[in-house]
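Structure assessment
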Amino acid sequence: MSKTIFVLNGPNLNLLGQREPHIYGSTTLAEIEQRCTAKARDLGFEVDFRQTNFEGALIESIHEARQKACGIIINPAAFTFTSIAVLDALKTFDPPKIELHISNVHARESIYHKSLISPIATAIMIGFGADGYELAIQAMTQLVARGR
Ligand code: CA2
C-alpha cells in the first residue's frame, strides 16, 4: 500500500510568511514543507507537497493522488468556498482526506464560514496556524493505520 501523503495547497499560499503575518503567521510554505517531510519520515511515511494558484492544477493533483496517495491533506484556500469542481474531485478519492486551514475561518468574515469541502472531508483542522500541517500529518497516519 502507498505510504505517500499528498499535501495540497491552493491559491496565494505561496505568499505565506511574506504578507499578513497577523493572520497567517511568519512561517513560509517552504518551511512548512520541510516540517511535514520530517514529521512524515519519523512516522514511516512520505510527503508529496504541492501548491498551485490554478483550480485545474489542483484538481489534476487530486486525480493523481487517486493512484499514488494513502491520504490527502488539503488547504484549498479560497477554492474552499467556491469550487464545486474541487469538491467533485475530492469525492472521487476514497482514502482519508483532511481539510486544513491555518486561520480560524469561523472567527473571520462570513465569506469564510461556509466550506463546500467540509461535508465530504474525513476530518477538519482549523486555526492551529502553521503547526496544523504537522498535526495533520500525525492525524493522517493514524487515520491510515485504522483504515479510514
Ligand atoms: O487559513 C487558511 O489556511 C485559509 O485557507 C487561507 C485562505 C483563505 O481564503 C481561507 O479562508 C483560510 C487564503 C490564503 C491566502 O494566503 C495568503 C498568505 C499570505 C499572505 C496573503 C495571503
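Our structure is the block above this text.
Our subject in this report is the structure included herewith. Keep in mind the model is a prediction, meaning the values are calculated, not measured.

A word on the packing of aromatic side chains
In this structure the tally under the stated criterion is two aromatic pairs. On the basis of an interplanar angle of 40° and a centroid distance of 6.3 Å, the ring pair of Phe 49 and Tyr 133 is categorised as tilted. Here Phe 49, found in strand 2 (residues 46-51), pairs with Tyr 133, found in helix 5 (residues 131-145); they are 84 residues apart in sequence, far enough to count as distant. Just as Phe 49 is buried, Tyr 133 falls in that class too. Taken together, a centroid distance of 5.7 Å and an interplanar angle of 70° make the contact between Phe 81 and Tyr 112 edge-to-face. Taken as a pair, Phe 81 in the loop between strand 3 (71-75) and helix 4 (84-91) and Tyr 112 in the loop between strand 4 (97-101) and strand 5 (123-126) lie far apart in primary sequence, 31 residues in all. Taking NZ or CZ as reference, Lys 3 lies 4.3 Å from the ring centre of Phe 45, over its face. The aromatic ring of Tyr 112 is capped on one face by Arg 108, whose charged end is 4.2 Å from the ring centroid.

Side note on the packing of helix 3 (residues 55-68) against helix 4
As a packed pair, helix 3 and helix 4 sit with axes 9 Å apart at the nearest point and diverge in direction by 5°. Here helix 3 is positioned roughly parallel relative to helix 4, judged by the angle of their axes. Where helix 3 abuts helix 4, its residues Glu 55, Leu 58, Ile 59, Ile 62 and His 63 lie against Ala 85, Val 86, Ala 89 and Leu 90.

Considering the environment of Ile 111
Tracing the backbone through its elements, the reader meets Ile 111 in the loop between strand 4 and strand 5. With a relative accessible area of 60%, Ile 111 lands in the exposed category. Spatially, the C-alpha atom of Ile 111 lies 9.7 Å from that of Ala 78, the residues being 33 residues apart in sequence.

A short note on the state of the cysteines
This structure, assessed with the given rule, holds zero disulfides. Here Cys 36 stays unpaired: no disulfide links it, and the sulfur of Cys 70, its closest cysteine neighbor, is 13 Å away. Taking relative accessible area as the criterion, Cys 70 reaches 6% and is therefore assigned buried.

Some points on the site of the ligand
Inspection of the region around the ligand gives 18 residues, with Asn 75, His 101, Ile 102, Ser 103 and Tyr 112 positioned closest. Within the backbone of Asn 12, one N or O atom sits 3.4 Å away from an oxygen atom of the ligand. Relative to its unbound accessible surface of 510 Å², the ligand loses 94% to contact with the protein. Residue composition of the shell around the ligand, grouped by class: eleven nonpolar, four polar and three charged.

So, helix 2 (residues 29-42)
An α-helical turn contains 3.6 residues, so a residue and the one three or four places further along point in the same direction. Its 14 residues place the ends of helix 2 20 Å apart at the C-alpha level, agreeing with the 20 Å of an ideal helix rising 1.5 Å per residue. The inward-facing, buried residues of helix 2 contact strand 1 (4-9), strand 2 and helix 5. Count one or two residues on from helix 2 and you reach Gly 44, which has phi positive near 85°.

A look at the nonpolar core
Soluble globular proteins tend to pack their nonpolar side chains together in the buried interior. One finds Ile 5, Val 7, Ile 32, Phe 49, Ile 73, Tyr 133 and Ile 137 to be the most contacted residues of the largest nonpolar core, which totals 25 residues. Broken down by element, this core gets its largest block of residues, six residues, from helix 5. Core analysis: the second largest hydrophobic core is formed by 16 residues, Leu 8, Leu 58, Ile 59 and Val 86 among them.

Quick look at the packing of helix 2 against helix 5
Across the interface, helix 2 lies against helix 5 with an axial gap of 9 Å and an inter-helix angle of 25°. Between helix 2 and helix 5, the angle falls in the class roughly parallel. With respect to the hand of their crossing, helix 2 and helix 5 are arranged in right-handed fashion. For the pair helix 2 and helix 5, contact is made by Leu 29, Ile 32, Arg 35, Cys 36, Lys 39 and Ala 40 and by Asp 131, Tyr 133, Glu 134, Ile 137 and Gln 138, respectively. Residues of the contact of helix 2 with helix 5, tallied by class, amount to six nonpolar, one polar and four charged.

Reading guide: rules and limits
Residues numbered from 1 in each chain as written. Predicted model: local features only at pLDDT ≥ 70, side-chain atom pairs only at ≥ 80, totals over all residues. Heavy atoms only, no water. Phe/Tyr/Trp six-rings, centres within 6.5 Å; stacked < 30°, edge-to-face > 60°. Helix = DSSP H or I, 4+ residues; strand = E, 2+ residues; numbered from the N terminus. Buried < 20%, exposed > 50% of the residue type's maximum accessible area, 1.4 Å probe, protein only. Lys NZ or Arg CZ within 6 Å of the ring centre and 35° of its normal. Axes fitted to C-alpha atoms, helices over the stretch in contact; angles between N-to-C directions. Parallel < 35°, antiparallel > 145°, perpendicular 65-115°, else oblique. Contact = heavy atoms within 4.5 Å. Disulfide = S-S within 2.5 Å. Near = heavy atom within 4 Å. Polar contact = N/O pair within 3.5 Å; in protein donor to acceptor, adjacent residues only side chain to side chain. Areas by Shrake-Rupley, 256 points an atom, 1.4 Å probe, with all protein chains shown as cover. Nonpolar A, V, L, I, M, F, W, Y, C, P; charged D, E, K, R; others polar. Expected span 1.5 Å × (residues − 1). Core = buried A, V, L, I, M, F, W, Y, C linked by side-chain atoms within 4.5 Å. Left-handed = near helix turned anticlockwise from the far one by under 90°.

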